[in-house]
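# Analysis of the macromolecular model
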Amino acid sequence: MCQSTPRAELELPVSREAPALAREFLRGSTCAEHHSEVVDDAVLLVSELVTNSVLHGGPPVVVAVDCDEATLQVRVRDGSPDLPAPRDAAQSDENGRGLALVAEMSADWGVDTEKDGKHVWFVIN
Ligand SMILES: [Zn+2]
């Protein structure tokens, strides 16, 4: 657990503004002490995940960020338990393309499903 930056989360509107709000939130919440150099990557990935959640998931869409000193973890929750399906990046499906980017740029990532929703998370070292 990081002493500098406590866990932060924000519920986003299910609208076109959501990715921009998530980017702004992440820039404001990311631990300056431990992860300032990877903020740009995290901001890009959170934008992709929030876009997926707005288009395919539904409310509540919540973004959360944790710093534990060794890693930065970002989680995006939405109201659909359906797993996002990663697809070939050559296809023009926004959902698959976003997850392919997450898989490529993160140190680790995954999906935790619940009966009324899911969390897609990623870790950047
Ligand atoms: Zn930190």
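Below: a short report on this structure.

Parameters at a glance
- Residues numbered from 1 in each chain as written.
- Predicted model: local features only at pLDDT ≥ 70, side-chain atom pairs only at ≥ 80, totals over all residues.
- Pairing = 2+ DSSP bridges.
- Helix = DSSP H or I, 4+ residues; strand = E, 2+ residues; numbered from the N terminus.
- Axes fitted to C-alpha atoms, helices over the stretch in contact; angles between N-to-C directions.
- Contact = placed C-beta atoms within 7 Å.
- Core = buried A, V, L, I, M, F, W, Y, C linked by C-beta atoms within 7 Å.
- Buried ≥ 20, exposed ≤ 12 C-beta atoms within 10 Å, placed from the backbone.
- Left-handed = near helix turned anticlockwise from the far one by under 90°.
- Nonpolar A, V, L, I, M, F, W, Y, C, P; charged D, E, K, R; others polar.

A few words on the sheet that holds strand E2 (residues 61-67). Overall, antiparallel pairing links the 5 strands, which are arranged E1-E2-E3-E5-E4 in an open sheet. Edge strands, defined here as strands with exactly one partner in the open sheet, are strand E1 (8-12) and strand E4 (108-114). Going from strand to strand, the sheet's axes swing by 15° on average, the running direction of each strand aside. The pairing of strand E3 (residues 72-78) with strand E5 (residues 117-124) spans 7 bridges and is antiparallel. By the bridge assignment, Arg75 is partnered in E5 with Trp121. Sheet strands in contact with helix H3 (residues 39-57) are E1, E2, E3 and E5, and its direction is about 10° off that of E3.

This part is about the nonpolar core. Among the nonpolar cores identified, the biggest contains 25 residues, and Ala22, Val46, Val50 and Val74 are the most heavily contacted of them. When contributions to this core are tallied by element, the ones reaching two or more residues are helix H1 (18-29), H3, E2, E3, helix H4 (94-105) and E5. The element best represented in this core is H3, accounting for 6 residues. With residues near it in sequence (within four places) discarded, Val46 still touches Ala22, Arg23, Leu26, Val63, Val74 and Val76.

Locating Ile124 in the fold gives a position in strand E5. Assessed through the 20 C-beta atoms surrounding it within 10 Å, Ile124 is described here as buried. Along the chain, Ile124 and Cys67 lie 57 residues apart, while their C-alpha atoms are 9.9 Å from each other. Excluding anything up to four places from it in sequence, Ile124 contacts Val38, Asp41, Ala42, Thr71, Leu72, Ser106 and Ala107.

Our focus in this paragraph is the pairing of E5. Burial within E5 is extensive, with 6 of its 8 residues counted as buried. The pairing of E4 with E5 spans 7 bridges and is classified as antiparallel. Within E5, the residue paired with Trp109 across the bridge is Phe122. In this structure, the hairpin formed by E4 and E5 is closed by a connection of 2 residues.

Before going further, it helps to examine the packing of H1 against H3. Contact pair H1 / H3: the axes reach a minimum separation of 8 Å and the direction vectors enclose 145°. Crossing geometry of H1 relative to H3 is assigned as right-handed. Contacts between H1 and H3 involve Ala18, Pro19, Ala22, Arg23, Leu26 and Arg27 on the former and, on the latter, Val39, Ala42, Val43, Val46, Ser47, Val50, Thr51 and Val54. Taken together, the residues that form the contact of H1 with H3 break down as 10 nonpolar, 2 polar and 2 charged.

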